[in-house]
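Chain residues, written in single-letter form:
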Amino acid sequence: MCSCQTSSSSTLTMLVHNFHRLSLRSSPRFRCVFDLIAPNLAVSSSSLSSVFTSANLVAASGSGSLHGAVTSTITQVAVTAVAIASGACLSAKVDFLWPKLESQPGCVIVEGVDVTGYPIFNDPKVQKAIAFAKKAHHGQLRKTGDPYLVHCIHTGRILAMLVPSSGERAVHTVVAGILHDVIDDTCESFNHIEEEFGDDVAKLVAGVSRLSYINQLLRRHRRINVNDGRLGHEEANNLRVMLLGMVDDPRVVLIKLADRLHNMRTIYALPQQKLKLLQGRPW
């Protein structure tokens, strides 16, 4: 039993020593992670030694068959404890231990967004829309710290899940999703979008812009009527008529829902005070 204890302790010591000899040791990122892991390995080694010492004491006072059972059980518990401790050390984000998406074969990454499996992003018009949005939203950041373009591509990606992978209407839907905030949040105009992408895309983007305007009216209503954030029956009916009159293509609503869905997925980035104000808001 003593030899087992010595062997286990020396194995962990050799592991630490071999880590020191690796060429990765010279990497600053590896050195940072290794410095976190090595102390835990040392603690695990000393803990394992104490456990085996306890096993020796138990084994010395019992029969031969009992010795083996107790020793085996304690050994398994000790090894499990070491495994858990090591796993906890490695559970932190250590990017260099796993290949990045860009380096994995078959992955398609567009401006940091994984669009693998959505061939519609290979369409020249979609790629043109991404370049257009990148230029228009240049310098704008989301609350998450990501470039605003990331939100635009995520909106297009959500739409790509819902429309066919080819066809003019499907392509125009994804293009309009990528450009959905260009009119409201940049200096680009409706006429410029129409010149670059055609009448169909321009109408979709303009329709989304009108829906955004209605949303601003609802926010204003909530600010004025702090104690009663609900719309009355007549107000709701007027809003319904307005929506039906303004939206002449169901794809406009689809784009707006995709926009809202990604907003909700990143809502964690908003401050707590803002989140409280958004409770009960009509998305």
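Residues numbered from 1 in each chain as written. Predicted model: local features only at pLDDT ≥ 70, side-chain atom pairs only at ≥ 80, totals over all residues. Heavy atoms only, no water.

Our next topic: the overall build of the protein chain. The helix and strand tally for the protein chain stands at 12 helices and 2 strands. Listed by position from the N terminus, the elements making up the protein chain come as α-α-α-β-β-α-α-α-α-α-α-α-α-α. Across the 283 residues that make up the protein chain, the buried fraction comes to 34%. The contacts in the protein chain between residues at least 6 apart in sequence include a share of 66% that link residues at least 24 apart. Surface accessibility of the protein chain: about 17100 Å² in total, with carbon and sulfur atoms responsible for 59%. (Helix = DSSP H or I, 4+ residues; strand = E, 2+ residues; numbered from the N terminus. Buried < 20%, exposed > 50% of the residue type's maximum accessible area, 1.4 Å probe, protein only. Contact = heavy atoms within 4.5 Å. Areas by Shrake-Rupley, 256 points an atom, 1.4 Å probe, with all protein chains shown as cover.)

Moving on to the packing of helix α5 (residues 148-162) against helix α6 (residues 168-178). With their axes 7 Å apart at the nearest point, α5 and α6 run at an angle of 155° to one another. The pairing of α5 with α6 is recorded here as roughly antiparallel in orientation. When the axes of α5 and α6 are compared, the crossing they make is right-handed. Contacts between α5 and α6 involve C152, T155, G156, L159 and A160 from the former and T173, V174, G177 and I178 from the latter. Partitioned by chemical class, the residues of the contact of α5 with α6 number 5 nonpolar, 4 polar and no charged. (Axes fitted to C-alpha atoms, helices over the stretch in contact; angles between N-to-C directions. Parallel < 35°, antiparallel > 145°, perpendicular 65-115°, else oblique. Left-handed = near helix turned anticlockwise from the far one by under 90°. Nonpolar A, V, L, I, M, F, W, Y, C, P; charged D, E, K, R; others polar.)

Here R169 is to be found in helix α6. Separated by 32 residues in sequence, R169 and V201 place their C-alpha atoms 9.2 Å apart. Among all residues touching R169, those that are not within four sequence positions of it are D249 and R251.

Applying the stated criterion across every chain yields a total of 1 aromatic pair. Measuring from ring centre to ring centre gives 5.4 Å for F132 and F197, while their planes differ by 85°; the resulting arrangement is edge-to-face. Linking F132 in helix α4 (residues 124-136) with F197 in helix α8 (residues 190-197), this pair joins segments that are 65 residues apart in sequence. The exposure class assigned to F197 is buried, which follows from its relative accessible area of 2%. Cation over ring: K128 sits above F197, and NZ or CZ is 5.3 Å from the ring centre. The ring centre of Y148 lies 5.7 Å from the NZ or CZ of R142, which sits over that ring. (Phe/Tyr/Trp six-rings, centres within 6.5 Å; stacked < 30°, edge-to-face > 60°. Lys NZ or Arg CZ within 6 Å of the ring centre and 35° of its normal.)

Across all of its chains, the model carries 1 cavity of 30 Å³ or more by this definition. When its volume is computed, the largest cavity comes out at roughly 40 Å³. Forming the walls of the largest cavity are R142, T144, D146, P147, V150, H151, H262 and T266. Class assignment of the residues belonging to the lining of the largest cavity gives a composition of 2 nonpolar, 4 polar and 2 charged. (1 Å grid on protein atoms, 1.4 Å probe; cavity = no way out; pocket = protein on both sides within 12 Å on 5 of 7 lines; lining within 4 Å. Points joined across faces, edges and corners; volume = space filled by probe spheres on them.)

Our next topic: the nonpolar core. Counting 42 residues, the largest nonpolar core has I120, F121, V126, I178, L179 and I193 as the members making the most contacts within it. At the level of secondary structure, the elements contributing two or more residues to this core comprise α4, α5, α6, α8, α9 (199-224) and α11 (250-265). If you tally residues by element for this core, the top one is α5, at 8 residues. Excluding residues that lie within four positions of it along the chain, L179 makes contacts with A129, F132, A133, I193, F197, V201 and V205. (Core = buried A, V, L, I, M, F, W, Y, C linked by side-chain atoms within 4.5 Å.)

In this section: unusual backbone geometry. Positive phi, normally seen in glycine, also occurs at E111, with a value near 55°. Tracing the chain through its elements places E111 in the loop between β1 (109-110) and β2 (113-114). What makes E111 partly exposed here is its relative accessible area of 38%.

Per-chain confidence: the protein chain averages 74 in pLDDT, with 52% of residues scoring 70 or above. Under a pLDDT of 50 for its full length, residues 19-38 has, in the predicted model, 20 contacts with residues more than four places off or in other chains. In this model residues 90-95 is a low-confidence stretch, pLDDT under 50, and it forms 5 contacts with partners more than four residues away in sequence or in other chains. (pLDDT = per-residue confidence, 0-100.)

Turning our eyes to something else, we now look at α6. Within α6, 9 of the 11 residues are buried, leaving the element largely enclosed by the surrounding structure. Here α6 has its buried residues at A170, V171, H172, T173, V174, V175, A176, G177 and I178.

Look at α4 against α6: their axes get within 9 Å of each other, and the N-to-C directions meet at 10°. It follows that α4 is roughly parallel to α6 by the angle criterion. Here α4 contributes K125, V126, A129, I130 and A133 to the contact with α6, which in turn contributes V171, H172, V174, V175 and I178. Residue composition of the contact of α4 with α6, by class: 8 nonpolar, 1 polar and 1 charged.

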